[in-house]
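Listed below, chain by chain, are the residues.
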Amino acid sequence: MSVFPNTLPSREQLLNDKGILTVFRKPVAPPKPAPGQPGNHTDYIASKPELFIVVLEDNQILAFNGHVDLGTGIRTSLAQIVAEELDVEPARIRMILGDPEDTPNQGPTIASATIQISSQPLQRAAAQARHFLLELAAGHLKINTEQLTINNGMIHPHDKPEQSVSFGELISSQRFDLQLDEQTPVKSAEQHRYTGKSSPRVDIPNKATGQLTFVHDLRLPDMLHGRVVRPPYTGRDQGDYVGNSLIRVDEASIAHIPGIVKIVVKGDFVGIIAKREEQAEQAARTLKVDWKPVPELAEMENLEQILRNIPAKTRSLKVTGNIENALEQSTEHLQRSYLWSYNMHASIGPSCSVAKMEADQIKLWSGTQNPHSLRTDISRLTGLTEDCIEIIRMEASGCYGRNCADDVGADAVLMAQAVDQPVRVQLTRAQEHGWEPKGTAQIIDIEGAIDQQGNASAYRFKTRYPSNDAPNLALLLTGTIPADPKVFEMGDRTSVPPYSYTDLDISCDDAAPVVRSSWLRGVSALPNNFAHESFIDELACLAGEDPVSFRLRHLGDDVRAQNLIRHTADKADWGQHKSEAQKEDGWLYGHGFAYGHYVHSRFPGFGAARAAWCVSLKVRPDTGEIQVIKVTVGQDAGRMINPDGVKHQVHGNIIQSLSRTLKERVTFDQQGVASLEWGGYPILNFTELPEIELALMDLPEEPPLGVGESTSLPCAPAIANALFNATGVRFLQAPFTPGCVRNILKTDQSIF
């Protein structure tokens, strides 16, 4: 359980009281998102300074970061970073994350960027506080700062620990406000004592002992319960019918249900407020609502044709050499198309929020990954200015990107506005599955070749990624904003292959979504890398070369990639694997390899961690069943702040990406999303987990890199390449379900 006091000093106290040292940044306009990129479109500028570090005279240390912990353990790692610079035990650091009222606006928690990018000003602020405290201590002890040592918040001369003075004593009854200097030097790697060492997750004790952590468990005095009734166009959010399809709500149809407080109707938004949760649930199931006929969704079974037919704008990303000439002169020439299906975030718990309206002030408890953006959305929805809206971020089910957390927050606000009491709203499983923004389907076309020397020579790559930021559902259903198709430029993640092709032509087709879609773990990089790594494997086969050796030979001067691939291959005993398929009791056995470097943000983007996979599996051609036997996964995350935290993230990525590759595919009917429960969207279960062996690189001299998504990238191609090794057949479309595998293999009777 927490070792900290139950309550924090108020923000007014932190900004005005004595006995406090702060490191702050003046409020500035939030950065405008680049065209076609996620971010917060607002002109709101906070009136108060943004705090990064606060030291109190009772020796409490508070640290503030604008990102949120989505179950990834960043609360623990950020505390280690602050503790390192302040020379105190990490347990002394109290992290405040995400709440817009209290924390700097550092944008949404996406792109594996918390440790790699948004931690940097916090680290500088902690270092700045340390330098200042040393100067105070030098004056107090009448000694040079070079002669002082800090030991867990106590400063003393090197050889006289009995002359210690605490941080709190140095600032007692005084106030010091330091404006953040982002040029402040930080410690070198050899000085580190706390980072680079495994530290227990600080959030686990409260969760294990049932302390209030999750927004689903929040209960307020006089709280009411709300449920929503969604329109019939499930999972679709663009077109004239969105927000304009409701004909009539028959309030009399639920008059017999006790406890009904109010029905809230605005546009296509329908919400029911009741005194008890089961009353709201019953009313939502019973309420009779008439809707206009919904335009039919295009037939989604032929997904490739759907993706090819949608309007798109081609964006050239990188061109080198003469691709046409290289293709004409090539010895071997390949053309392939790779298809990725729609995926869900598949949060285990449906999204939930609690809202409270007091005069013209809104409080919203939410599991959002984008607290500042959600505040802007609520401002648009209600007409209140952002300084009247407080977002209190609590933990929620895993989201891995944009699920329904923001939508249900807006639902709760609409209902709380209608009554004088707090309202808790939780979605049903069908609503979460149906309406969460999907990880979009993607089609990738590649044309490439090898030359007479067996070198990869030409590579033409085009990816099509129809997606955007999935505007808040309440804004669309109420008609607050138009349901127009928006096009985002997010298909270019990891679009440039890591290999040295002499002639390149890389492009991306930007398109509006077919159904409600937004970012999901790995974004477009995961399907793009599926294509890259499947194709390079096929080129190695054409060249008659071992696929690992072929990759290494084409990585140019990328030494870190080469080292990771060798490290992972050695750990997996790659050289011992037989190149030909083995057959036993109807099973074919195979081994596959793949590499990936997660490159995120607007092209050309920035690189996060690197990963490599070696997969051993077996497949039955007659049933299509695949059993992954073992995966060996290597990762280069630079300096690991918390090695155990990195392991947790890698394991989570492995399990989820195996599930997405082997099982997950959203289905549709004429209305919209048809996968509305777990039977219609199966995920990997514990009995299907393979043996997992990790090969993490230890690079303490390198900057830390984001690990939240990168491990996922090599999964699908490693499995596809192992399937080829086992069957001699290339698999170009995920997921590799038994039906898919069986249908592809039945054309080749030689393997039965």
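Refer to the structure printed above.
Draft legend 1. View of the overall build of the protein chain. In terms of regular secondary structure, the protein chain is built from 18 helices and 30 strands. Counting only C-alpha atoms, the protein chain reaches 85 × 80 × 50 Å along its principal axes. Summarising the internal contacts of the protein chain: among those between residues at least 6 apart in sequence, 79% fall at separations of at least 24. Of the roughly 29200 Å² of accessible surface on the protein chain, 48% is carried by carbon and sulfur atoms. Positive and negative side-chain charges in the protein chain, numbering 72 and 93 respectively, have mean positions lying 3 Å apart.

Draft legend 2. Seen up close, the pairing of strand E6 (residues 154-157). Bridge count for strand E5 (residues 148-151) against E6 is four bridges, and the pairing is antiparallel. If you follow Asn151 over to E6, its bridge partner there is Met154. Here E5 hands over to E6 after two residues, with Asn152 in that stretch at a positive phi of 55°. Alignment of E6 against strand E7 (residues 165-166), held across two bridges, turns out to be antiparallel. Across the sheet, residue Ile155 finds its bridge partner in E7, namely Val165.

Draft legend 3. Geometry of the side chain of Thr76. Within the element layout of this structure, Thr76 appears in helix H2 (residues 74-86). With residues up to four places along the chain from it excluded, the contact list for Thr76 reads Ser199, Pro200, Arg201, Val202, Asp203 and Asn642.

Draft legend 4. Structural context of unusual backbone geometry. The residue after Phe603, namely Pro604, is reached through a cis peptide bond having omega 10°. In this structure, Pro604 sits in the loop between strand E26 (587-600) and strand E27 (606-619). Pro735 follows Ala734 through a cis peptide bond whose omega is 10°. Mapped onto the fold, Pro735 is located in the loop between strand E30 (733-734) and helix H18 (738-745). Unusually for a residue other than glycine, Ser601 sits at a positive phi of about 80°. Along the chain, Ser601 turns up in the loop between E26 and E27.

Draft legend 5. Just the nonpolar core, in detail. Counting residues in each nonpolar core, the largest one holds 74 residues, and the members touching the most others are Trp613, Val615, Ile626, Ile719 and Phe736. No other element matches the eight residues that helix H17 (residues 715-727) contributes to this core. Residues contacting Ile626, with those up to four places away along its chain left out, are Leu617, Lys618, Val619, Leu662, Leu723, Phe736 and Val741. Core analysis: the second largest hydrophobic core is formed by 40 residues, Val82, Leu133, Val165 and Ile641 among them.

Draft legend 6. Structural detail: the environment of Thr502. Along the chain, Thr502 falls in the loop between helix H12 (473-477) and strand E23 (503-511). In this structure the C-alpha to C-alpha distance between Thr502 and His591, which are 89 residues apart in sequence, comes to 29 Å. When near neighbours in sequence (up to four residues on either side) are disregarded, Thr502 contacts Thr320, Gly321, Ala456 and Ser457. Within polar-contact distance, the side chain of Thr502 engages the backbone oxygen of Ser457 at 2.7 Å. Polar side-chain contacts of Thr502 include one of 2.8 Å to the side chain of Asp503.

Draft legend 7. Looking closely at the packing of helix H16 (residues 643-662) against H17. Orientation of H16 relative to H17, taken along the N-to-C sense of each, is 55°, at an axis distance of 9 Å. When the axis of H16 is compared with that of H17, the two are oblique. Crossing hand, H16 versus H17: right-handed. The segment H16 lies against H17, with Ser657, Leu658, Thr661 and Leu662 engaging Cys715, Ala716 and Ile719. Across the contact of H16 with H17, the residue classes break down as five nonpolar, two polar and no charged.

Draft legend 8. Structural detail: H18. Those residues of H18 not exposed but buried are Cys740, Val741 and Leu745. Considered in projection along H18, the buried side chains sweep an arc of 120° and stay on one side of the axis. Each element contacted by the buried residues of H18 is listed here: E27, strand E28 (626-636), H17 and E30.

Draft legend 9. Quick peek at the pattern of salt bridges. Applying the stated criterion across every chain yields a total of 48 salt bridges. The salt bridge involving Asp537 is made with Arg730; its shortest N-O contact spans 3.3 Å. Of this pair, Asp537 sits in helix H13 (residues 525-543) while Arg730 sits in the loop between H17 and E30, and the two are 193 residues apart along the sequence. For the pair shown, Asp537 and Arg730 are each scored as buried. Between Arg560 and Asp636 there is a salt bridge, and its shortest N-O distance comes to 2.8 Å.

Cut-offs applied
- Residues numbered from 1 in each chain as written.
- Predicted model: local features only at pLDDT ≥ 70, side-chain atom pairs only at ≥ 80, totals over all residues.
- Heavy atoms only, no water.
- Helix = DSSP H or I, 4+ residues; strand = E, 2+ residues; numbered from the N terminus.
- Contact = heavy atoms within 4.5 Å.
- Areas by Shrake-Rupley, 256 points an atom, 1.4 Å probe, with all protein chains shown as cover.
- Lys, Arg positive; Asp, Glu negative; His and termini not counted.
- Charge placed at Lys NZ, Arg CZ, Asp CG, Glu CD.
- Pairing = 2+ DSSP bridges.
- Core = buried A, V, L, I, M, F, W, Y, C linked by side-chain atoms within 4.5 Å.
- Buried < 20%, exposed > 50% of the residue type's maximum accessible area, 1.4 Å probe, protein only.
- Polar contact = N/O pair within 3.5 Å; in protein donor to acceptor, adjacent residues only side chain to side chain.
- Axes fitted to C-alpha atoms, helices over the stretch in contact; angles between N-to-C directions.
- Parallel < 35°, antiparallel > 145°, perpendicular 65-115°, else oblique.
- Left-handed = near helix turned anticlockwise from the far one by under 90°.
- Nonpolar A, V, L, I, M, F, W, Y, C, P; charged D, E, K, R; others polar.
- Arc of directions from axis to C-beta.
- Salt bridge = Lys/Arg side-chain N within 4 Å of Asp/Glu carboxyl O.

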